[in-house]
Protein chains: 2
Amino acid sequence: MNQQYPSILLEKAVGEFSKLPGVGRKTAMRLVLHLLRQDTAAVEAFGNAVITLKHEVKYCKVCHNISDTETCRICANPLRDVSTICVVESIRDVMAVEATQQYKGLYHVLGGVISPMDGIGPSDLQIDSLVERVKAGGVKEVILALSSTMEGDTTNFYISRKLNGMDVTLSVIARGISIGDELEYTDEVTLGRSIVNRTLFVGTV
Amino acid sequence: MNQQYPSILLEKAVGEFSKLPGVGRKTAMRLVLHLLRQDTAAVEAFGNAVITLKHEVKYCKVCHNISDTETCRICANPLRDVSTICVVESIRDVMAVEATQQYKGLYHVLGGVISPMDGIGPSDLQIDSLVERVKAGGVKEVILALSSTMEGDTTNFYISRKLNGMDVTLSVIARGISIGDELEYTDEVTLGRSIVNRTLFVGTV
């Protein structure tokens, strides 16, 4: 549709929204017109929320997780186990692991994985600071919780080389069939790994 | 997923985004993190675009279309045919009709259709001002281009009653099978109407 915008301001706002990932011109138009129907205070709250976030957000100086303070809530929590570090790609992964309520250690947010195709090398990621944390001592285990992709595996390998010779246990989160999944629909690589890495049956799975 | 946000500012921004239609918490998070990766100027441009739009946008005093000026570009254009008014529900419908490049008259944006279920009555819509425009004279034809729904039909009927007795032709846009559609997949109401309202074959369809 050859869109002739009735207002330059409208066109500008639609243009900004359509820069968002997965948002096309039509969706952008729908979202902007929705906002336009809200009262001024609501629109200001919307616009200022992202501006304030961008201006004031901090990244934890220890784990690089997003934070309102110098050190994030997790790193500052005295109840967390400081001897375990879970290495993840992004803030969303921290939230995903936290949601499981199964982990009481600390995190280290890499900011991505090594991906030469996207021009992301080890120096673009928070790998050096991870090595520094381990070198500083007190860390017994580093859990690698990256995506099960070639890039994730490459990054795991790179980190393992970097931590080589240090007195720390390196582990990887378990790969296997998802809870509730049926065997016949599981791909053979995953199924194969789940047989190789089988665990002792202890009543519950 | 029980989401524990690492930052109150982040939670606030995600909250604002998830108020948008069709945007859930996960999508909101993705959009906010995307913006966070942009530079400050880009985030400010985004936030301010909607705030400026809300503050400065005007609605055309003639047709109620969105506009940067008192009278919109279409109403102010001397080349448009002022004797024809196309009645539509929304700004998006104006843009849709304009995109066809088949219409050279003016518009009248109602701001919706009569829908008692949603609490929208005739007084919530720009129907009185339409009647005033016709009363003022110079209008030869009013084209009703509302949705082909019960609400649209009700509104068409209401407007026709309001314009009753005035010296103006009232027409409705053609309903029929869409260009490129196959007969066997067309619903019978549409197909029936397209037979009743058949037009003379003049070489091209």
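Above this note sits the structure.
Scope of this entry: the structure provided in the associated data block. A quick note: this is a predicted structure, and the numbers were derived from the prediction, not measured.

## Re the sheet that holds strand β3 (residues 81-88) of chain B
Residue and element names in this part refer to chain B.
Argument step 1. One open sheet holds the 4 strands; their spatial order is β4-β3-β5-β6, and the pairing between them is parallel. A strand with exactly one partner marks an edge of an open sheet, and here the two such strands are β4 (105-109) and β6 (169-172). Each strand of the sheet is rotated relative to its neighbour by a mean of 25°, with strand direction disregarded.
Argument step 2. Here β3 runs beside strand β5 (residues 141-144); their pairing, made up of 4 bridges, is parallel. The residue of β5 that forms the bridge with isoleucine 85 is valine 142.
Argument step 3. Strand contacts of helix α5 (residues 91-100): β3 and β4, with the helix running at about 160° to β4, the strand carrying the most contacts.
Argument step 4. Packing against the sheet, helix α6 (residues 127-135) makes contact with β3, β4 and β5, and its axis sits at approximately 150° to β4.

## Quick word on the nonpolar core
Argument step 1. Membership of the largest hydrophobic core comes to 48 residues, with the highest contact counts inside it found for A:Leu10, A:Phe17, B:Leu10 and B:Phe17.
Argument step 2. Those elements that place two or more of their residues in this core are α1 (8-17), α2 (25-37), α3 (40-56) and α5 (91-100) of chain A together with α1 (8-17), α2 (25-37), α3 (40-56) and α5 of chain B.
Argument step 3. What A:Phe17 contacts, discounting residues up to four positions off in sequence, is A:Val23, A:Ala28, A:Leu31, A:Val32, A:Leu35, A:Phe46, B:Leu20, B:Phe46 and B:Val50.

## Remarks on the interface of chain A and chain B
Argument step 1. Counting from both sides, the interface comprises 55 residues of chain A and, opposite them, 56 residues of chain B.
Argument step 2. When the two sides are added together, the surface that chain A and chain B hide from each other amounts to roughly 5,400 Å², 72% of it contributed by carbon and sulfur.
Argument step 3. Its largest share of buried area at the contact with chain B, chain A owes to A:Leu36, A:Lys54 and A:Met95, together 13% of the area lost on that side.
Argument step 4. Taken together, the connections running from chain A to chain B amount to 0 salt bridges.
Argument step 5. There are 12 residue pairs in polar contact (both at pLDDT 80 or more) connecting chain A and chain B.
Argument step 6. Looking at which element gives the most residues to the side of chain A that touches chain B, the answer is α3(A), with 16 residues.
Argument step 7. A breakdown of the residues in the side of chain A that touches chain B according to their chemical character gives 31 nonpolar, 14 polar and 10 charged.

## A word on the relation of the copies chain A and chain B
Argument step 1. For the pair chain A and chain B, the superposition axis carries a translation of 0.0 Å, the fit reaches an RMSD of 0.1 Å, and the rotation angle comes to 180°. In the structure described here, the two chain copies are related by an operation that fits a two-fold rotation axis. Among all residues of chain A, the one whose C-alpha sits closest to the rotation axis is A:Gly47, at a distance of 2.0 Å.
Argument step 2. A share of 100% of the interface residues of chain A reappears at the interface of chain B, consistent with the copies meeting face to face through the same patch.

So, how was this worked out
Residues numbered from 1 in each chain as written. Chains lettered and ligands numbered in written order. Predicted model: local features only at pLDDT ≥ 70, side-chain atom pairs only at ≥ 80, totals over all residues. Heavy atoms only, no water. Pairing = 2+ DSSP bridges. Helix = DSSP H or I, 4+ residues; strand = E, 2+ residues; numbered from the N terminus. Axes fitted to C-alpha atoms, helices over the stretch in contact; angles between N-to-C directions. Contact = heavy atoms within 4.5 Å. Core = buried A, V, L, I, M, F, W, Y, C linked by side-chain atoms within 4.5 Å. Buried < 20%, exposed > 50% of the residue type's maximum accessible area, 1.4 Å probe, protein only. Buried area = accessible area lost by both parts, 1.4 Å probe. Salt bridge = Lys/Arg side-chain N within 4 Å of Asp/Glu carboxyl O. Polar contact = N/O pair within 3.5 Å; in protein donor to acceptor, adjacent residues only side chain to side chain. Nonpolar A, V, L, I, M, F, W, Y, C, P; charged D, E, K, R; others polar. Least-squares fit on C-alpha atoms with pLDDT ≥ 70 in both.

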